[in-house]
Protein chains: 2
Amino acid sequence: MSKAKSSSDNARNVLMDKIVSLCKRRGFVFQSSEIYGGLNGCRDYGPLGAELKKNLKDYWWTRMVRDRDDVVGMDGAILQNRRVWEASGHVGTFSDPLVDCKETKARFRADQIFYASAVIGGESHGYVSVTESPTMAEEAEQKIRKIQKKGGIKGEIAALEMEPLMEATPEEHALIPSPNSTEPGTLTEPREFNLMFKTYVGPVENDSNVTYLRPETAQAIFVQFKNVCDSSRIKIPFGIAQIGKAFRNEINPRNFTFRSREFEQMEIEYFCRPEEGLPLLKEWLETRLKFYEEIGIPREKLHILDVPEKERAHYSGGTYDIEYEFPFGIQELEGVAYRTNYDLTKHQEHSGKTLEYIDQATNEKFIPHVVEPSAGVDRTVLAVICEAFDEETITNEKGKEEVRTVLRFSPRMAPIKCGIFPLLKNKPELVAKAREVQEVLRPHMNVFYDEGGAVGRRYRRQDEIGTPFCVTIDFDTIGENGPEAEDTVTVRERDAMTQERIKIADLLTYLLERVR
Amino acid sequence: MSKAKSSSDNARNVLMDKIVSLCKRRGFVFQSSEIYGGLNGCRDYGPLGAELKKNLKDYWWTRMVRDRDDVVGMDGAILQNRRVWEASGHVGTFSDPLVDCKETKARFRADQIFYASAVIGGESHGYVSVTESPTMAEEAEQKIRKIQKKGGIKGEIAALEMEPLMEATPEEHALIPSPNSTEPGTLTEPREFNLMFKTYVGPVENDSNVTYLRPETAQAIFVQFKNVCDSSRIKIPFGIAQIGKAFRNEINPRNFTFRSREFEQMEIEYFCRPEEGLPLLKEWLETRLKFYEEIGIPREKLHILDVPEKERAHYSGGTYDIEYEFPFGIQELEGVAYRTNYDLTKHQEHSGKTLEYIDQATNEKFIPHVVEPSAGVDRTVLAVICEAFDEETITNEKGKEEVRTVLRFSPRMAPIKCGIFPLLKNKPELVAKAREVQEVLRPHMNVFYDEGGAVGRRYRRQDEIGTPFCVTIDFDTIGENGPEAEDTVTVRERDAMTQERIKIADLLTYLLERVR
């Protein structure tokens, strides 16, 4: 691994640290139950994070449900009858392979461990193992150097070949040390660990009362397909959309809010005739790409992965992953999957209830096929924040250079649309006028009134939380510099830092045109 | 219990049955995982229910957070470190008393069982027990009649005195039959049953990995108090608001969505100085009563219960319950509670982290007091539906009497604000014009396009789901009856069933004034 690569990894870690730190400092994201040491894989959204997340979910609901004739919403329970998860296959197969370190009792996802043979001076000196990361080859090499030093072994270290633990033979597995150990054979055999959180419903903890926190929102939609058809008079092709929490007991939650144990999904199951499946898959991919552009994630930062057949589920008729260039790597934001009629067929089999659709015009009966655009709320919020984060060096009012941290949110996503500042807080006419302006804007957008400190500092505070506009009420506004400028305000734009003089009477229209 | 009371109970049951049936038929509320026999205490919201619930939550968020300078939002995880629930007292004391029927294994909440002595002809013939209900005295009397008949006992049955099982002496308890049995002593001793759902976080099911699904949203707010203070620059008095799911493993879920195992809360913790607590309690009560009026629940249907000191928690400085006249009885919608500084003090003790507030102006340090308005989302949705439900007998176009079912939602809450109907679906000019009108309105409100059946039937369908306005595009609109009427539509109002002729150019403003 080259030095250049390593230093760019480092830069990306620094960037991610800055983002995590800003998220805490300004109230976007906190560790859940932080004062008790947190809970790994769970996070709370603070005041600004809650607004940002709500803006995202509301915009998705508006564009995917309310703006369309062919999609209706629903809102299902997190706790469902466990037979839902038997039918969906989650009870049987929704698991990750797990191995333990016999020495330290640490647990690892077996598919995230890589090993290499320690070949020094042409001779084998056992194995080393590491957990998956962009720098894992370097880490493995360091471990081999330690073996060399400790054993006083002479000779060159051979070029490393990193292999996945899952592909080791039983003989090799018995000789590979755990990533936490130097002793050979300190990893247990991999075993399957189901990722669903289990709980008991009702006052007895027995098998018949077991259920699970839903690992995805989609199944509630399939299970209610018939009820929605019967109550909505909606005709195929049509979709059912849902936003809600889901839970996966990840062995190794990581990358801030990206891979969490508790997370939120925005999913649509779009039901259609079999022959419409593939064309609709492509149509939904485009619809969803457009959505990301509308919330400020440009097309060039998105990657489309056409998932190869051998990596897809056996029933899948095609899947596109929409990926984003996060600082920690290119990772999935959304899957757009053509699931054929697999899910409805399974639920029909397991429930004994017919889930056929009846075409009123032709009297045809069939189990609809389905295309599923399934997006992660928390991942998208994180992508929006990462995309918005910027630092630039500017010259301040005093002629000094300073770093300006700015979140360049699309105004549509910004938690606060407009800051409202009276120039001075101890001049009652300025304060009263600023409050008037606030009352004009507030019914239409989220605003923030701030009278503390120099206006320049107030700008910086709003820059850092991504507020696209700030309005300052000054002596012109209250008529102290003549009737010409009276009832006008300064509107300062975040990105260009330009200022315009706008009449208060025109302000609402001016801003509404720019923040919707 | 008088006949009159009993028949009014019956009428109320019939009303509730009609509401539950409408909710399923028109897609407001379904049983969760219904095709698998459901899951007791969990329900899914269908297309219209999801919209109604979203309207409620959005309006609460607008009025309680965005419209106010002194409240910020947050959005905490459902899974928190279990020490949160130890500190809050939920691990120790959040339980209901549970008894089992030894004969049938049925489980009951002990505090919902009542018993009476069977005194016939002046002599005692044991006891009977029943579960709490408005008709429980009648049920008990019937059970005594059976004893009389079976034993061939002569004499009058003495007036019944229903006593709570929890107040029975051990000697009486040993003789009382379970509500499911006629044998004496078939109830086990009451024992405490914790209402939190338990689960394990991480790959090992051991004590240190136990946590619980949150039984209330409030604690996440207390736990993040310091982070919110540090990141928001907000000054006391101020509130932190949150909407989210909570879970209670109720022994006996009942009354449709009213008492559920999975439910959603809308809570504010409003932090203040000790001396502000009581005045703020009264202020918040008024604020919240006003909110209910704004969503269509009139003040006269709300009851305010000033909870007596002996029924309040020991730390409480006062609590008002806001109750609504549901068909199944007067029941709590919201609690407005003055919780003193109990919660923050407990979390400071248990976490070892200071949760004091520092007044920047005076340098005073203190643990703030808190007033908590805590509302149930599902309960409020149910109250909105119950309040809106109406049936009236009207004369239809053919001169026949028919029953019109109508949900008289406040337009603000209505899932769909406006129905849009072309008079005929096979006249392309009408359809095209109707689609044009739809595109004008849709960016501003949720609309529903319907071209199926006679207009009268379309009105009825919208009445039944509470759509306040319907717009019909007819031959006048497309200019077939002269230029005078061209580009005008009929707007029909749901409650008065009046029709007005409105220019399309004025339609958006006309409707916006009436649906916001």
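If you're wondering where the values come from, they're calculated on a predicted model, not measured in any experiment. (Residues numbered from 1 in each chain as written. Chains lettered and ligands numbered in written order. Predicted model: local features only at pLDDT ≥ 70, side-chain atom pairs only at ≥ 80, totals over all residues. Heavy atoms only, no water.)

What follows is about the overall build of chain A. Helix and strand counts for chain A stand at 14 helices and 26 strands. Going through the 516 residues of chain A one by one, you find that 57% of them count as buried. For chain A, long-range pairs separated by at least 24 residues make up 64% of all intrachain contacts whose partners lie at least 6 apart in sequence. When the accessible area of chain A is evaluated, it comes to approximately 22,100 Å², of which 48% is carbon and sulfur surface. Between the averaged position of the 71 positive side-chain charges in chain A and that of its 85 negative side-chain charges there is a distance of 4 Å. (Helix = DSSP H or I, 4+ residues; strand = E, 2+ residues; numbered from the N terminus. Buried < 20%, exposed > 50% of the residue type's maximum accessible area, 1.4 Å probe, protein only. Contact = heavy atoms within 4.5 Å. Areas by Shrake-Rupley, 256 points an atom, 1.4 Å probe, with all protein chains shown as cover. Lys, Arg positive; Asp, Glu negative; His and termini not counted. Charge placed at Lys NZ, Arg CZ, Asp CG, Glu CD.)

What follows concerns the packing of aromatic side chains. For the coordinates displayed, the defined rule picks out 36 aromatic pairs over all chains. Considering the side-chain rings of phenylalanine 469 of chain B and tyrosine 510 of chain B, the 6.4 Å spacing of their centres and the 75° angle between planes classify their relative orientation as edge-to-face. In this pair, phenylalanine 469 of chain B is assigned in strand β24 (residues 469-473) and tyrosine 510 of chain B in helix α14 (residues 504-515), connecting sequence segments 41 residues apart. On the basis of relative accessible area, tyrosine 510 of chain B is assigned to the buried category, the value being 12%. A connected cluster of aromatic rings, assembled from ring pairs, spans Phe222, Phe225, Phe238 and Phe271 of chain A. Here arginine 514 of chain A stacks its cationic end above the ring of tyrosine 510 of chain A, 3.7 Å away from the centre of that ring. (Phe/Tyr/Trp six-rings, centres within 6.5 Å; stacked < 30°, edge-to-face > 60°. Lys NZ or Arg CZ within 6 Å of the ring centre and 35° of its normal.)

A word on the domain arrangement of chain A. Domain annotation for chain A reports domain 1 (3-94 + 197-385), domain 2 (96-193) and domain 3 (400-515). In this structure, domain 2 of chain A and domain 3 of chain A have C-alpha centres spaced 58 Å apart. (Domains from an automatic or database assignment.)

What follows is about the interface of chain A and chain B. Across the boundary between the two partners, chain A contributes 81 residues, which contact 81 residues of chain B. Of the roughly 7,200 Å² buried at the junction of chain A and chain B (both faces included), carbon and sulfur atoms supply 51%. On the chain A side of the interface with chain B, the three residues burying the most area are Ile35, Tyr36 and Arg66 of chain A, jointly 12% of the side's total. Across the contact surface, chain A and chain B share 14 salt bridges. Here aspartate 69 of chain A ties to arginine 435 of chain B by a salt bridge, and the two come within 2.6 Å at their closest N and O atoms. Counting across the chain A and chain B interface gives 53 residue pairs in polar contact (both at pLDDT 80 or more). The residue makeup of the side of chain A that touches chain B, split by class, is 29 nonpolar, 23 polar and 29 charged. (Buried area = accessible area lost by both parts, 1.4 Å probe. Salt bridge = Lys/Arg side-chain N within 4 Å of Asp/Glu carboxyl O. Polar contact = N/O pair within 3.5 Å; in protein donor to acceptor, adjacent residues only side chain to side chain. Nonpolar A, V, L, I, M, F, W, Y, C, P; charged D, E, K, R; others polar.)

What follows is about helix α13 (residues 455-465) of chain A. Burial of α13 of chain A is extensive: ten of the eleven residues sit out of reach of the surface. Downstream of α13 of chain A by a residue or two, glycine 466 of chain A has a phi angle that is positive, lying close to 85°.

Residue and element names in this part refer to chain A. Running from N to C, helix α2 (residues 47-66) and helix α11 (residues 377-388) cross one another at 115°; their axes reach a closest spacing of 10 Å. Taken together, the axes of α2 and α11 lie roughly perpendicular to each other. For α2 against α11, the interelement crossing comes out right-handed. Between α2, through Leu52, Lys53, Leu56 and Lys57, and α11, the contact on the second element is made entirely by Val377, Asp378, Thr380, Val381, Val384 and Ile385. Across the contact of α2 with α11, the residue classes break down as six nonpolar, one polar and three charged. (Axes fitted to C-alpha atoms, helices over the stretch in contact; angles between N-to-C directions. Parallel < 35°, antiparallel > 145°, perpendicular 65-115°, else oblique. Left-handed = near helix turned anticlockwise from the far one by under 90°.)

Our next topic: the pairing of β24 of chain B. All names here are of chain B. For β24, a buried count of five out of five residues is recorded, marking the element as mostly surrounded by other parts of the structure. Across the two faces of β24 the burial is the same, with Phe469, Val471 and Ile473 and Cys470 and Thr472 all buried. One ladder, built from five bridges, connects strand β22 (residues 418-422) with β24; its direction is parallel. Counterpart to proline 422 in the pairing with β24 is isoleucine 473. (Pairing = 2+ DSSP bridges.)

In this section: the environment of leucine 22 of chain A. Residues and elements named next belong to chain A. The topology assignment puts leucine 22 in helix α1 (residues 3-25). Along the chain, leucine 22 and threonine 405 lie 383 residues apart, while their C-alpha atoms are 9.4 Å from each other. Apart from residues no more than four positions distant in its own chain, leucine 22 is found in contact with Gly27, Phe28, Phe389, Thr405, Leu407 and Glu464.

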